[in-house]
Amino acid sequence: MTRTLFLLVLLAAASPLAAQRYELVAAPGLWRIAAEKSLPGFAYGGRFPGPVLEAREGIPLEIVFRNHLSEPTVVHWHGLRIPAAMDGTEMSQSPVQSGGSFTYAFTPPDAGTFWYHPHTNESRQIERGLVGTVVVRGASDPVVDAEQLLVFDDVSVSGQDFGRFGTPVQRWNGREGKVLLINGRADTQLAMSANQVERWRILNASNARYLRLALGGQTFRLIATDGGLIERPIALTEVLLTPGDRVDLAVGPFEEGTVINIESLAYDRGVGKGEAARYGSVRVGAPRPSVARLPEVLRSIPPLAEADAKPTRMVTLDGRISLLRAVDWTINGKGNPHDAPVKVGELQVWDIVNESKIDHPFHLHGFFFQVLSQNGVPSTMRSWEDVVNVPAKSRVRIAWMPDDRPGMWMYHCHIVEHQGAGMMAHFEVVR
Ligand SMILES: [Cu+2]
């Protein structure tokens, strides 16, 4: 008996699998978006954006969530490949009522940059500030000199409050605001040291605004996307992030004294001019020694299917004019349809066809996919994704493998007003 107890104690002390535990409270709070401007927001952990939940690949995570809002909510773990019961949607659990709580417990299987947000009344709750990130670290993360986590967002402001919610224009275009934020603040000034290479983890948490990110024309290297590291760093001067998207960039080295604009280039997603805009800047200070080491090969991603693989399913995105509601957004001709089940272990090749005149960012819950082609043109880069832009009048072919996590899942447009207006489907993964 004593010996067994001793062994148990030893195991508990030495176990590398001890769960990382967090408490997360959603509550009303004042969101200071600029020195002179505060908005009546909703905060996770009293912060805008919410706290960064640090996690490690393969180490259990437990998040005790408490709802101190006056309305129900649920917390969705965007991009994390976890059991269906922990997905945090109204499909997988009852909403957490005001004053209630729910414990999310899961083990993040992948290193990468993920995020959490409500899956109830998304347009209002996300806009009011309910956004946070999960950084899952892995054994093969490249060595960098420093790391910054940048949450890009926009808010529509009217006086000392948010602009009106639920307008017909928002239902059509998604809700865009004129105030552009990085980490909850307008006109953010970042600092970094000359001679160093930083890893910037970037999330576009906007309801609808696309971010065609550029750093004043400077070259940076893309090293990771939604599902973690890509195969090799890719040198770029711009990268497109739809709502819900993440990228990790290796930024620098730059020379001392350089000031670089953090901006979005003009992008026409079919709803007007999509003008260029500035979010903030980064000032490069005195040089410091660098220990950064970016390998030529980050990891290998085995292909799931050839670019011309035969599709097993078609998902058609479209919209139709509604006299009552301005527009209804549809999947395969229906609002919020129930799609056919998929079987564990059976390769899925889906054609996402956008018949409408505006872009839609397609998001699949709980599973990563590879983008095989767009309009028949094979992808030049292999990566794991959970969001992909489907441009107006275009076809994007993806492949994904349902692993053994049966239950109810969903896919939807990540312009959250479109999702709320019907462009969301659920389906079952069955054994
Ligand atoms: Cu959409």
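This one's a predicted model, so the numbers in the text were calculated from it and none came from an experiment.

What follows deals with the side chain of Arg-313. Among the secondary structure elements, Arg-313 is positioned in strand β23 (residues 313-322). Among the polar contacts made by the side chain of Arg-313, one reaches the main-chain carbonyl oxygen of Ala-340 at a distance of 2.9 Å. In this view, Arg-313 contacts Asp-339, Ala-340, Pro-341, Val-342, Val-349, Trp-350 and Asp-351; residues no more than four positions away in its chain are not counted.

Every protein donor of the copper ion is listed here as His-360 (ND1), Cys-413 (SG) and His-418 (ND1), and their distances to the metal cover 2.0 to 2.1 Å. Each donor residue of the copper ion lies on the same chain, and together they follow the pattern H-x52-C-x4-H. Taken as a pair, His-360 in strand β27 (residues 360-364) and His-418 in helix α4 (residues 416-420) lie far apart in primary sequence, 58 residues in all. You'll find His-360 and His-418 in the same group, each marked buried.

Taken as a whole, this structure holds 25 salt bridges when the rule is applied. For Arg-171, the salt bridge goes to Asp-328, with nearest N and O atoms at 2.8 Å. Of this pair, Arg-171 sits in helix α3 (residues 168-173) while Asp-328 sits in strand β24 (residues 326-331), placing them 157 residues apart in sequence. Classification of Asp-328 as buried rests on a relative accessible area of 12%. A salt bridge links Glu-176 to Arg-269; the shortest N-O distance between them is 2.8 Å. Taken as a pair, Glu-176 in the loop between α3 and β12 (179-182) and Arg-269 in the loop between β21 (259-264) and β22 (277-285) lie far apart in primary sequence, 93 residues in all. Residues joined in a network through salt bridges with shared partners are Glu-54, Arg-137, Asp-141, Glu-147, Arg-199, Arg-201 and Asp-248.

Taken as a whole and assessed by the stated rule, the structure comprises 22 aromatic pairs. Arranged with centres 5.8 Å apart and planes meeting at 70°, the rings of Trp-350 and Phe-427 form a pair that is edge-to-face. On the criterion of sequence distance, the pair formed by Trp-350 in strand β26 (residues 348-354) and Phe-427 in strand β33 (residues 424-430) is long-range, its members being 77 residues apart. Among the residues examined, Phe-427 registers a relative accessible area of 0% and is labelled buried. Note on Phe-362 and Tyr-411: the rings are 5.4 Å apart at their centroids and 40° apart in plane angle, and the pair reads as tilted. Residue Phe-362 is found in strand β27, and its partner Tyr-411 is found in strand β32 (residues 407-413); the two are separated by 49 residues along the sequence. Judged by its relative accessible area of 0%, Tyr-411 is buried. Connected via pairs of aromatic rings, a cluster forms that spans Trp-350, Phe-362, Phe-367, Phe-369, Trp-400, Trp-409, Tyr-411 and Phe-427. For the cation-ring pair, Arg-128 lies above Phe-42, with the distance from its terminal atom to the ring centre recorded as 5.5 Å. The ring of Phe-367 carries Arg-405 above its face, with NZ or CZ at 4.3 Å from the centroid.

Glancing now at the confidence of the model for the chain. In the predicted model, the chain carries a mean pLDDT of 95, and the fraction of residues at 70 or more is 96%. Across residues 1-14, where pLDDT falls below 50, the model places zero contacts with residues more than four positions away in sequence or in other chains.

Turning to unusual backbone geometry, a few remarks are in order. Phe-48 connects to Pro-49 through a cis peptide bond whose omega is -10°. Structurally, Pro-49 is set in the loop between β2 (37-44) and β3 (52-56). Notably, Asn-121 is not glycine yet its phi reads approximately 45°, a positive angle. Relative to the helices and strands, Asn-121 resides in the loop between β7 (112-118) and α2 (122-127). In this structure Asn-121 comes out as partly exposed when scored by relative accessible area, which is 38%. Positive phi, normally seen in glycine, also occurs at Lys-393, with a value near 55°. Within the fold, Lys-393 resides in the loop between β30 (387-390) and β31 (394-400). For Lys-393, a relative accessible area of 53% corresponds to the exposed category.

Below, the discussion takes up the nonpolar core. One finds Phe-152, Trp-200, Ile-202, Leu-213, Leu-249, Val-251 and Ile-262 to be the most contacted residues of the largest nonpolar core, which totals 33 residues. Once you skip the residues sitting within four places of it in the chain, Leu-213 turns out to touch Phe-152, Ile-202, Phe-220, Thr-237, Glu-238, Val-239, Leu-241, Leu-249, Ile-262 and Glu-263. Val-315, Val-342, Ala-421 and Ala-425 belong to the second largest nonpolar core, which has 30 residues in total.

Cut-offs and rules
- Residues numbered from 1 in each chain as written.
- Predicted model: local features only at pLDDT ≥ 70, side-chain atom pairs only at ≥ 80, totals over all residues.
- Heavy atoms only, no water.
- Helix = DSSP H or I, 4+ residues; strand = E, 2+ residues; numbered from the N terminus.
- Polar contact = N/O pair within 3.5 Å; in protein donor to acceptor, adjacent residues only side chain to side chain.
- Contact = heavy atoms within 4.5 Å.
- Donors = N, O, S within 2.8 Å, 3.2 Å for Na, K, Ca; no water.
- Buried < 20%, exposed > 50% of the residue type's maximum accessible area, 1.4 Å probe, protein only.
- Salt bridge = Lys/Arg side-chain N within 4 Å of Asp/Glu carboxyl O.
- Phe/Tyr/Trp six-rings, centres within 6.5 Å; stacked < 30°, edge-to-face > 60°.
- Lys NZ or Arg CZ within 6 Å of the ring centre and 35° of its normal.
- pLDDT = per-residue confidence, 0-100.
- Core = buried A, V, L, I, M, F, W, Y, C linked by side-chain atoms within 4.5 Å.

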